[in-house]
Amino acid sequence: MYTPQSSKKADLTASGMYDLIKKLYPIPRSITGNGVRQTLKIISKKIPLKIHEVPTGTKVFDWEVPKEWNIKDAYIKDSRGKKIVDFKKSNLHVLNYSFSVEKKMRFSELKKHLHTLPDHPDWIPYLSSYYKENWGFCLTHKQLLGMKDDFYEVVIDSILEKGHLTYGELYLPGKKKQEILLSCYICHPSLCNDNLSGVVLLTYLAHYLKNLKTNYSYRFLFIPETIGAITWLCLNEDKVSQIKYGLVVTCVGDSGHSTYRKTRDGNTLIDKVVEKVLLDAGTPYKIEDFSPCGSDERQFSSPGFNMPVGSLMRTPHGGYDEYHTSADNLSFINSPCLLDSFYKYLGVIDILEHNNTFLNLNPKCEPQLGRRGIYTLLGGKKETPISQVAMFWVLNFSDGKHSLLDIAIRSGINFKQIKETADLLLAKDLLKISRIN
Ligand code: ZN
C-alpha cells in the first residue's frame, strides 16, 4: 500500500513541496483575513479542502473569535520622502494585527513602535499583537541604526473589523470511523520552516492518501494557531471521541535531525509508532516529553480533551536562532529534508494502518518451513539470516496478544521487514489475523 515512491516520483514530491512553499511564502497571512483565504485557495488546487468561515464574536470556550485583519500596505518615509521601511519588501515589517495609522511623528515617538533584533542586525523579527490593539513596525537593527532624529511619515493601511476566522478541513473516510488527526497552522506570514513546511507536508500527505483505501479515517486541519484549534475544538466537540491519535505538523523542512514531542500521556500507541519510525530510519533523532507550551497539541491535549496528539518535527520551534525572524526563509529549508520528513509521516501512517495482530496456526513447536518452500522465498532467492530471525520472532509472538509493532520493537527488527514476514507467513497459511490494528 505505501510502497516507496520511485526516485522520479520522490524528486517530484520534493520539488513540488518546495515550489508550493515558494508560492505561499509572499502571502501576508495572519490568524484571520484574506491571506489565509488565498493560502487555502492555493492548497485547494491540490486537495479538496472544505473552507469554514466562523464569524467574529463567536464564543469559543473562554475565547472569542477576533475581528478580521487585512492589510494593503505599510511604510515609513523619511523627511525627504524616501521609503526606509516597506511592507511590500517584506510582510514581516508590520507588527501583525496593527491597526491603521497615518501620521507624521518625530523619531523619539516612532521609536517606541519599532522592534529589532540587536543580536542579529540583518534579520527582521516576526511579532504580532492579536489581542491587544496596537501598531508597530519590525525592521533590521541596521535599518534602525540608520535612522536619524527626523520627522517620519508613518502609514499602515490596514483594516481591523468584524469578519470571520477562516480555516480549511479535509476528512478522508476509511473503513473505520476512528480517526487520525493531522493538524497544521496557517497563520504565519513569510516564514518557511515554522508554518509553511508543515502546511505543504500536510497538503502532500492528504494528496497521497486521498485516493487510497485506508482502515482509519483521516482528518486534516489547516487552522490558525491557538485560536483556530480552540475554535475547531469548540465547534466540533462531538467529533473528538472519534479521534484516536493525532500529530501537529510543523518545522519539518530545516536540515536539523528529527524531533518527536510526545503526547501528554507519553506512552500511547502513536508515541511508540513515531519512535519506531525514527529508530528504523537509522539516522539521529531526539525524543522530547510533552510540553504544555507547545503548538496546538496544547489545546488538543488540554485536560478536558486529553487527546493523544504528539508533534513530529525537525528542529523544534524556539530551538533555532532563525525562529520567528526573516531568516526562517526559503534558504533555511530544503527539499531533501522536506521529503525525509514526508517519508517519516508516511512511515507513521504505514504502521498505524498495518499494525495487525496474528495467531500462529502451528503453535506447538516451530513449523517445518523447508517443506513449505519458505526459506527460499525469504529475502529473495538467497536466504538472509535476518529474515529467518524475523520469521522466528513473528511465529513466536503471533499469539493473539502481540501486534506487529510489539514484535518489531521487541526484536529490534524494522517494522517493514516484520510486516513483510507476516504477509508471507499468512500467504503460507501459518498465520491468521486475530485483530486488525
Ligand atoms: Zn510560530
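Along each chain, residues carry numbers from 1 onward, in the same order as the chain's sequence is written. Only residues with pLDDT of at least 70 get local features here, since the model is predicted, and only at 80 or more are side-chain atom pairs given and counted; chain-wide, interface and lining totals rely on the full set of residues. Heavy atoms throughout the structure, all of them, feed into the side-chain values; hydrogens and water do not.

(A) View of the overall build of the protein. Put simply, DSSP marks the helices as runs of H or I at least four residues long and the strands as runs of E at least two long, and each gets a number from the N terminus on. Within the protein one finds 13 helices and 19 strands. For the exposure calls, accessible area comes from a 1.4 Å probe over protein chains only, and a residue counts as buried if that area is under 20% of its type's maximum, exposed if over 50%, partly exposed in between. Residues classed as buried in the protein amount to 57% of the 437 residues present. A contact between two residues is defined here by any heavy atoms of the two lying within 4.5 Å. Intrachain contacts of the protein at a sequence separation of at least 6 include 80% that bridge at least 24 residues. As displayed, the protein offers around 19500 Å² of accessible surface, 52% of which is attributable to carbon and sulfur atoms. Charge centroids of the protein, computed over 57 positive and 47 negative side chains, lie 5 Å from each other. Here the open area of atoms and residues is found with the Shrake-Rupley method and a 1.4 Å probe, where only the protein chains shown may cover a residue. Here Asp and Glu are counted as negative and Lys and Arg as positive; His is not counted, and neither are the chain ends. Think of each charge as sitting on NZ of Lys, CZ of Arg, CG of Asp or CD of Glu.

(B) A look at the coordination of the zinc ion. A donor here means any N, O or S atom no more than 2.8 Å from the metal (3.2 Å for Na, K and Ca); water is not included, so a site may seem to lack partners. For the zinc ion, every protein donor is listed as His-188 (NE2), Asp-194 (OD) and His-324 (NE2), and the spread of their distances is 2.0 to 2.1 Å. Ordering the donors of the zinc ion by residue number gives the pattern H-x5-D-x129-H. Neither His-188 nor Asp-194 differs from the other in exposure class; each is buried.

(C) Molecular detail of the sheet that holds strand S16 (residues 309-313). On the basis of which strands lie adjacent, the open sheet formed by eight strands has the order S1-S10-S12-S11-S13-S16-S14-S15 and mixed pairing. The outermost strands of the open sheet, each flanked by one partner alone, are strand S1 (50-55) and strand S15 (285-288). Across this sheet, the average inter-strand angle for adjacent strands is 20 degrees, counted without regard to direction. Pairing analysis gives five bridges linking strand S11 (residues 179-185) to strand S13 (residues 243-249), with the strands arranged parallel. Bridge pairing in S13 links Leu-181 to Gly-246. This element, helix H2 (residues 34-44), spans S1, strand S10 (164-172) and strand S12 (217-223) of the sheet and lies at about 20 degrees to S10. The pairing criterion is simple: DSSP has to find at least two bridges between the two strands. Think of each axis as a best-fit line through the C-alpha atoms, taken over the contacting stretch in the case of a helix, with angles from 0 to 180 degrees between the N-to-C directions.

(D) Molecular detail of the pattern of salt bridges. Salt bridges are defined as contacts in which a side-chain nitrogen from Lys or Arg sits within 4 Å of a carboxyl oxygen from Asp or Glu. The full count for this structure, using the stated rule, is 17 salt bridges. Notably, a salt bridge pairs Glu-53 with Arg-37, separated by 2.9 Å at the nearest N-O pair. Placement of Glu-53 in strand S1 and of Arg-37 in helix H2 is noted, with a sequence separation of 16 residues between them. Judged by relative accessible area, Glu-53 falls into the partly exposed class, the value being 35%. One continuous salt-bridge network, built from bridges that share partners, spans Arg-37, Glu-53 and Glu-68.

(E) Local environment of the domain arrangement of the protein. According to the domain assignment, the protein consists of domain 1 (7-66 + 164-353), domain 2 (68-161) and domain 3 (357-435). Placing a centre on the C-alpha atoms of domain 1 and another on those of domain 2 gives a separation of 31 Å. The interface is formed by 27 residues belonging to domain 1 together with 18 residues belonging to domain 2. Where domain 1 meets domain 2, there are one salt bridge. A salt bridge links Glu-68 to Arg-37, with the nearest nitrogen and oxygen atoms 2.9 Å apart. Whenever two N or O atoms come within 3.5 Å, that pair is a polar contact, provided that in protein one can donate a hydrogen and the other can accept it, and provided that, for residues adjacent in sequence, both atoms are side-chain atoms. For the pair domain 1 and domain 2, the number of links is twelve residue pairs in polar contact (both at pLDDT 80 or more). Its residues assigned to classes, the side of domain 1 that touches domain 2 comprises twelve nonpolar, eleven polar and four charged. Domain start and stop points were drawn from an automatic or database domain assignment. Here the term charged refers only to Asp, Glu, Lys and Arg, the term nonpolar to Ala, Val, Leu, Ile, Met, Phe, Trp, Tyr, Cys and Pro, and the term polar to all other amino acids, Gly among them.

(F) Expanded view of the sheet that holds strand S18 (residues 399-403). Spatially, S18-S17-S19 is the arrangement adopted by the three strands of the open sheet, whose pairing is antiparallel. The sheet is open, and its two borders are formed by S18 and strand S19 (431-435), each paired with just one other strand. Here the strands of the sheet are splayed against their neighbours by 40 degrees on average, with no regard to which way each runs. Of the pairings in the sheet, the one linking strand S17 (residues 357-360) to S19 comprises four bridges and is antiparallel in character. Each bridged residue has a counterpart across the sheet, and for Leu-359 the counterpart in S19 is Lys-432.

(G) Representation of a positive patch on the surface in the model. Positive charge collects at one region of the surface, where Lys-82, Lys-83, Lys-89 and Lys-148 lie side by side. Residue class for Lys-83 comes out partly exposed when judged on its relative accessible area of 35%. Patch membership needs two things, relative accessible area over 30% and no salt bridge, and members are linked within 9 Å if like-charged or within 5 Å if nonpolar (Val, Leu, Ile, Met, Phe, Trp, Tyr).

(H) Fine view of unusual backbone geometry. Positive phi, normally seen in glycine, also occurs at Asn-195, with a value near 115 degrees. On the accessibility criterion, Asn-195 (1% relative accessible area) is buried. Backbone geometry at His-324 places phi at a positive 55 degrees, although glycine is not the residue there. Looking at the element boundaries, His-324 is found in the loop between S16 and helix H9 (335-354). For His-324, a relative accessible area of 22% translates into the label partly exposed.

(I) Spatial organisation of the packing of helix H12 (residues 404-411) against helix H13 (residues 415-427). Between H12 and H13, whose axes approach to 9 Å, the crossing angle comes to 125 degrees. Considering their axes alone, H12 and H13 lie oblique with respect to each other. As for the relative orientation of H12 and H13, their crossing is right-handed in sense. Residues Leu-404, Leu-405, Ile-407, Ala-408 and Ser-411 of H12 lie in contact with H13, whose contacting residues are Phe-415, Ile-418, Lys-419 and Ala-422. Orientation categories follow fixed angle ranges, with anything under 35 degrees roughly parallel, anything over 145 roughly antiparallel, 65 to 115 roughly perpendicular, and all other angles oblique. Helix crossings are classified by the rotation of the near helix relative to the far one: an anticlockwise turn of less than a right angle makes the crossing left-handed, while a clockwise turn makes it right-handed.

(J) Quick peek at helix H1 (residues 7-24). One less than the number of residues in a helix, times 1.5 Å, gives the span that helix is expected to have. Taking 1.5 Å per residue as the helical rise, H1 with its 18 residues ought to reach 26 Å, and the 26 Å between its terminal C-alpha atoms agrees with that figure. Along H1, the residues classified as buried are Ala-10, Thr-13, Ala-14, Gly-16, Met-17, Tyr-18, Leu-20, Ile-21 and Leu-24. Buried residues in H1 make contact with H2, helix H5 (192-209) and H9.

(K) Geometry of the side chain of Thr-325. Among the secondary structure elements, Thr-325 is positioned in the loop between S16 and H9. Given the relative accessible area of 3%, Thr-325 is considered buried. Excluding residues within four positions of it along the chain, Thr-325 makes contact with Leu-92, Leu-117, Trp-123, Ile-124, Pro-125, Tyr-126 and Leu-191.

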